[in-house]
Amino acid sequence: MIKVAKFGGSSVADANQFKKVRDIVKSDTERRFVVVSAAGKRASGDNKITDLLLLVNAHIQYGVDCTSLLATIEERFLEIAKELDLKFPVADEFARLVDSLDGATPEYVVSRGEWFTGQLMAEYLGMPFVDAADVIVFHHDGSVDMERTQTRLREAVVHNGGSFLLPGFYGSTVDGQVKLFTRGGGDISGAILARCIDAGLYENWTDVSGFLAADPRIIENPRAIHRITFEEMRELSYMGASVLQEEAIFPVREVNIPIQIKNTNAPDDFGTIIRETASEHAVEHLITGIAGKKDFVGIYMQKAHMSNEVGCVRRALSILERYGVSVEHIPTGVDTFSIVVNGEDVKDSIYSIVADIQNELNPDSINVLPGLSLISVVGRNMSKRVGTSGQIFGALGEAGINIRMITQSSQEISIIVGVQNEDFEKAIKVIYDNFGHSKVTRDH
Ligand code: ASP
């Protein structure tokens, strides 16, 4: 099996981290392709090279001298090269970069973080360096030209004897202009490479051991999630439990290549495997994970015989659309319905929205409930056990927590409960304590 191993910024932050990466890569001959981010923070309070390069651009834009900033960046690379005894001419290459700054595009400047880090790591691993600008091709609209990219990456595989290092985060347009992915986009580069060369596994090495079943700031020592489906991951990430760049999932998901999140600082930890169907064992956890977010706003509308009136919900939604507000949930009753939106999105417009609803829908009552938290209980196995949602609501009730809203996702992989912000942490604790370790037997 071919594995693509992508290492994030903290995994390549200094010489010591480089050593860990080498041990990891050398310990498995299937890890034949390596993707790196730019050197990240060595400790909290430190700076990522990418951020420093963005700052260089800002200096250039405003005509402020950035000599010392450039020296700080160069120093990071010099230090790695020196400690690891690497031959790559950092000083010469850096001088060339500084000389070219005048005519360089901001994206080119930022991409140099990955380029330098990649050059150093390639030498350290004894792997050929393949410049992303030569193989990752963007359309002018910013999307990736997958066909060209695949052809070029496959050629690179052949030219380099079936193994190479690729710097992440950038590529270029057909006419050679360097283009960047969104921040954190090294994950996307790794996923594209894995897909284009038909890898069997895309390893994403970072500084956490994958997904946890709950937020460790709320639950002490939550269990790790070993296996998760793409769908479950989307639900949890959306609710804030984010480990991986969302966009990174699509290139590999479409062709069913699993992703394994691994921890560079604890390589023996299993991490999390994300794939289309994640079940492997006969007995599995009932709940895969719990995540939640605070500060939603519920707009509750009530109107007698609303159920007979066609178009009410549509009209309310089109008002929100006018204000550019995206809708999270729409729980409905017979003569009531509510709309849950992100508090931040309506902080300046909620009064105008309510006034418009009043005018255009003429409901009997309309109430706004701010400070709503949403908690998503996610689990592909929940649908297999009758009564799960009832038990969850029961446990919350017994703990004296008032449930303000309930919805279930259509594939039954998540149950979403709305509670007041004050009850947020407590509700998560109650759900985790009661169900976090429950198991179910899957039928085959
Ligand atoms: N270095 C880039 C960033 O900091 C991309 C990445 O780390 O994946 O956003």
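One can find the structure itself at the top, above this paragraph.
Please read these numbers as outputs of a predicted model, since none were measured by experiment.

Enquirer: Sorry if this is basic, but what is going on with the overall build of the chain here?
Expert: The helix and strand inventory of the chain stands at 14 helices and 18 strands. With the principal axes as the frame, the chain shows a C-alpha extent of 75 × 55 × 40 Å. In the chain, which comprises 444 residues, the proportion classed as buried is 52%. Put simply, 75% of the contacts in the chain that link residues at least 6 apart link residues at least 24 apart. Surface summary for the chain: the accessible area is close to 20000 Å², and the carbon and sulfur share equals 48%. Averaging the positions of the 44 positive and the 61 negative side-chain charges in the chain gives two centres separated by 4 Å.

Enquirer: Just to check I follow, could you spell out the pattern of salt bridges for this structure?
Expert: Pairing between side chains becomes possible if they bear opposite charge and their charged atoms approach one another. Within this structure, the stated rule accounts for 22 salt bridges. In the salt-bridge network here, residues are joined through shared partners; they are Lys3, Asp28, Glu30, Arg31 and Glu203.

Enquirer: I tried to follow helix H4 (residues 90-100) on my own but got confused; where do I start?
Expert: Among the residues of H4, those classed as buried are Val90, Glu93, Phe94 and Leu97. Taken down its axis, H4 places every buried residue within 100° of arc, on the same side. Exposed and facing more than 90 degrees away from the buried side of H4 are Asp92, Arg96 and Asp99. Tucked into the core, H4 has its buried residues touching helix H3 (67-83) and helix H5 (106-125).

Enquirer: I would appreciate a short explanation of the nonpolar core in the present structure.
Expert: Membership of the largest hydrophobic core comes to 120 residues, with the highest contact counts inside it found for Phe7 and Ile431. The leading source of residues in this core is H5, at nine residues. If sequence neighbours within four positions are ignored, Ile431 has contacts with Ile287, Ile290, Ile375, Val377, Ile392, Leu396, Val417 and Gly436.

Enquirer: Got a minute to help me understand the sheet that holds strand S9 (residues 259-263) in this structure?
Expert: Backbone-to-backbone hydrogen bonds join strands into a sheet, with any given pair of strands oriented parallel or antiparallel. Taken in spatial order, the seven strands line up as S4-S2-S1-S7-S9-S10-S8 in an open sheet, and their pairing is mixed. A strand with exactly one partner marks an edge of an open sheet, and here the two such strands are strand S4 (164-167) and strand S8 (227-229). Put simply, the sheet's adjacent strands are angled 20° from each other on average, direction ignored. Pairing of S9 with strand S10 (residues 272-275), which is carried by three bridges, proceeds in the antiparallel orientation.

Enquirer: Could you clarify how one ought to interpret helix H11 (residues 312-322) in this entry?
Expert: Note that an α-helix has 3.6 residues per turn; residues three or four places apart therefore point the same way. Buried within H11 we find Cys312, Ala316, Ile319 and Leu320. Down the axis of H11, the sector holding all buried residues measures 95°, keeping them to one side. Away from the buried face of H11 by more than 90 degrees, exposed residues Arg314 and Glu321 are located. Looking at the buried positions of H11, the neighbouring elements they touch are strand S13 (327-329), strand S14 (336-342) and helix H12 (350-361). Immediately downstream of H11, the backbone of Gly324 shows phi near 70°, a positive value.

Enquirer: Would you mind going over the packing of H3 against H5 with me for this structure?
Expert: Running from amino to carboxyl end, H3 crosses H5 at an angle of 5°, the nearest separation of the two axes being 10 Å. Judged on the interaxial angle alone, H5 and H3 are roughly parallel. On the side of H3, the interface is formed by Phe77, Ile80 and Ala81, while H5 contributes Gly113, Phe116, Thr117 and Leu120. Across the contact of H3 with H5, the residue classes tally to five nonpolar, two polar and no charged.

Enquirer: Whenever I open this one, the packing of aromatic side chains confuses me. Can you help?
Expert: The description of two aromatic rings rests on the distance between their centres and on the angle between their planes. According to the stated counting rule, one finds ten aromatic pairs in the structure shown. Look at Phe7 and Trp205: their rings are 5.8 Å apart centre to centre, the planes differ by 15°, and that puts the pair in the stacked class. Taken as a pair, Phe7 in strand S1 (residues 3-7) and Trp205 in strand S7 (residues 201-206) lie far apart in primary sequence, 198 residues in all. Residue Phe7 is classed as buried on the basis of its relative accessible area, which comes to 0%. Given the relative accessible area of 1%, Trp205 is considered buried. Residues Phe88 and Phe116 carry aromatic rings whose centres are separated by 6.3 Å and whose planes lie at 80° to one another, so their mutual orientation is edge-to-face.

Conventions used here
- Residues numbered from 1 in each chain as written.
- Predicted model: local features only at pLDDT ≥ 70, side-chain atom pairs only at ≥ 80, totals over all residues.
- Heavy atoms only, no water.
- Helix = DSSP H or I, 4+ residues; strand = E, 2+ residues; numbered from the N terminus.
- Buried < 20%, exposed > 50% of the residue type's maximum accessible area, 1.4 Å probe, protein only.
- Contact = heavy atoms within 4.5 Å.
- Areas by Shrake-Rupley, 256 points an atom, 1.4 Å probe, with all protein chains shown as cover.
- Lys, Arg positive; Asp, Glu negative; His and termini not counted.
- Charge placed at Lys NZ, Arg CZ, Asp CG, Glu CD.
- Salt bridge = Lys/Arg side-chain N within 4 Å of Asp/Glu carboxyl O.
- Arc of directions from axis to C-beta.
- Core = buried A, V, L, I, M, F, W, Y, C linked by side-chain atoms within 4.5 Å.
- Pairing = 2+ DSSP bridges.
- Axes fitted to C-alpha atoms, helices over the stretch in contact; angles between N-to-C directions.
- Parallel < 35°, antiparallel > 145°, perpendicular 65-115°, else oblique.
- Nonpolar A, V, L, I, M, F, W, Y, C, P; charged D, E, K, R; others polar.
- Phe/Tyr/Trp six-rings, centres within 6.5 Å; stacked < 30°, edge-to-face > 60°.

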